[in-house]
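Summary of the model geometry
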Amino acid sequence: MRRPILLLLTATALLAIISCGDNKPKEAPEPPAEDTAAVVAEVRDTFPADKWMEENKQKEGVIESNGIQYKVLQEGTGEKPNKRKRVKINFEVRLTNGKVVESHMGKDVMELPVANVIPGLQNALTQMPEGSTWEIYIPWQLGYGAEGSKNIPPHSALIFKVKLIEVVKLR
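Residues numbered from 1 in each chain as written. Predicted model: local features only at pLDDT ≥ 70, side-chain atom pairs only at ≥ 80, totals over all residues. Heavy atoms only, no water.

**Describing the overall build of the protein**
- Within the protein, the regular secondary structure consists of four helices and seven strands.
- Going from the N terminus to the C terminus, the protein shows its helices and strands as α-α-α-β-β-β-β-β-α-β-β.
- Out of the 171 residues in the protein, the part that is buried amounts to 34%.
- By sequence separation, contacts in the protein at least 24 residues apart represent 67% of the contacts at least 6 residues apart.
- Carbon and sulfur atoms make up 55% of the accessible area of the protein, which totals about 11300 Å². (Helix = DSSP H or I, 4+ residues; strand = E, 2+ residues; numbered from the N terminus. Buried < 20%, exposed > 50% of the residue type's maximum accessible area, 1.4 Å probe, protein only. Contact = heavy atoms within 4.5 Å. Areas by Shrake-Rupley, 256 points an atom, 1.4 Å probe, with all protein chains shown as cover.)

**Some remarks on the nonpolar core**
- Ranked by size, the top nonpolar core spans 25 residues in total, and within it I89, L121, L125, I136, F160 and V162 carry the most contacts.
- Listed by contribution, the elements that provide at least two residues to this core are β2 (68-74), β3 (86-95), α4 (119-125), β6 (133-138) and β7 (158-168).
- For I136, the residues in contact, after removing those within four places along its chain, are I68, Q69, Y70, L121, A124, M128, L158, I159, F160 and V162.
- Ranked by size, the runner-up nonpolar core spans eight residues in total, among them A49, Y137, A157 and I159. (Core = buried A, V, L, I, M, F, W, Y, C linked by side-chain atoms within 4.5 Å.)

**Examining the pattern of salt bridges**
- Summed over the entire model, instances satisfying the criterion amount to seven salt bridges.
- E54 is paired through a salt bridge with K57; the nearest N and O atoms lie 3.3 Å apart.
- A relative accessible area of 29% places E54 in the partly exposed class.
- We classify K57 as partly exposed; its relative accessible area is 28%.
- In this structure, K88 and E166 form a salt bridge, with 3.8 Å as the shortest nitrogen-oxygen distance. With K88 in strand β3 and E166 in strand β7, the pair connects residues that are 78 residues apart, well separated along the chain.
- On the basis of relative accessible area, E166 is assigned to the partly exposed category, the value being 29%. (Salt bridge = Lys/Arg side-chain N within 4 Å of Asp/Glu carboxyl O.)

**What to know about the environment of V72**
- Along the chain, V72 turns up in strand β2.
- Assessed through its relative accessible area of 30%, V72 is described here as partly exposed.
- Not counting chain neighbours up to four residues away, the residues in contact with V72 comprise T133 and W134.

**Quick look at the layout of surface pockets**
- In this model, the largest pocket occupies a volume close to 290 Å³.
- Among the elements of the structure, β3, β4 (100-103) and β5 (110-113) are those that each provide at least two residues to the lining of the largest pocket.
- A total of three residues in the lining of the largest pocket trace back to one element, the largest contributor, which is β3.
- Of the residues that constitute the lining of the largest pocket, the class distribution is 12 nonpolar, three polar and two charged. (1 Å grid on protein atoms, 1.4 Å probe; cavity = no way out; pocket = protein on both sides within 12 Å on 5 of 7 lines; lining within 4 Å. Points joined across faces, edges and corners; volume = space filled by probe spheres on them. Nonpolar A, V, L, I, M, F, W, Y, C, P; charged D, E, K, R; others polar.)

**Description of the packing of aromatic side chains**
- Under the definition given, this model contains three aromatic pairs.
- Relative to W134, the ring of Y70 has its centre 4.0 Å away and its plane inclined at 5°; by these criteria the two rings are stacked. Here the residue Y70 occupies a position in strand β2, and W134 occupies one in strand β6, the gap between them amounting to 64 residues. Of the two residues, Y70 and W134, neither departs from the other in class, the shared state being buried.
- Measuring from ring centre to ring centre gives 6.4 Å for F91 and F160, while their planes differ by 35°; the resulting arrangement is tilted. Taken together, the residues F91 in strand β3 and F160 in strand β7 connect sequence positions 69 residues apart.
- Judged by its relative accessible area of 7%, F91 is buried.
- The exposure class of F160 is buried, given its relative accessible area of 4%. (Phe/Tyr/Trp six-rings, centres within 6.5 Å; stacked < 30°, edge-to-face > 60°.)

Take a look at the structure:
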């Protein structure tokens, strides 16, 4: 006796659920046809650093490679480090508005592992021959990203001036 009542209640509940509302699948609205250039312009307006990088690559002497841009100020002839090496460098970091956020140029020689620097600087260092001085332009995605850091706002492209003094020999 209990089983037929339970089946009747279950069937009634299902009918009630089915009859409540439209069960037709909803069609996704057609996305508006957008001009790709307009979308790119909107992104550049949102992240001015992207626009700055786009304009910078048009300048004379600027080379684009591995997601970064750079200009060779002095060409070295020594060894190029890999990510497992340590390097001795002088450097200065600026924002695209010219504000210096850190400088060791002409002062302290910093010795550091290539693997411990931001990805954009890793890309540059592994392409630089020892003895080179480059101005390196790093997009925000290969810098400090959407979070930024202590002195660097989120979504900031960075300008590094780096002198690669020495690729440290492993003992």
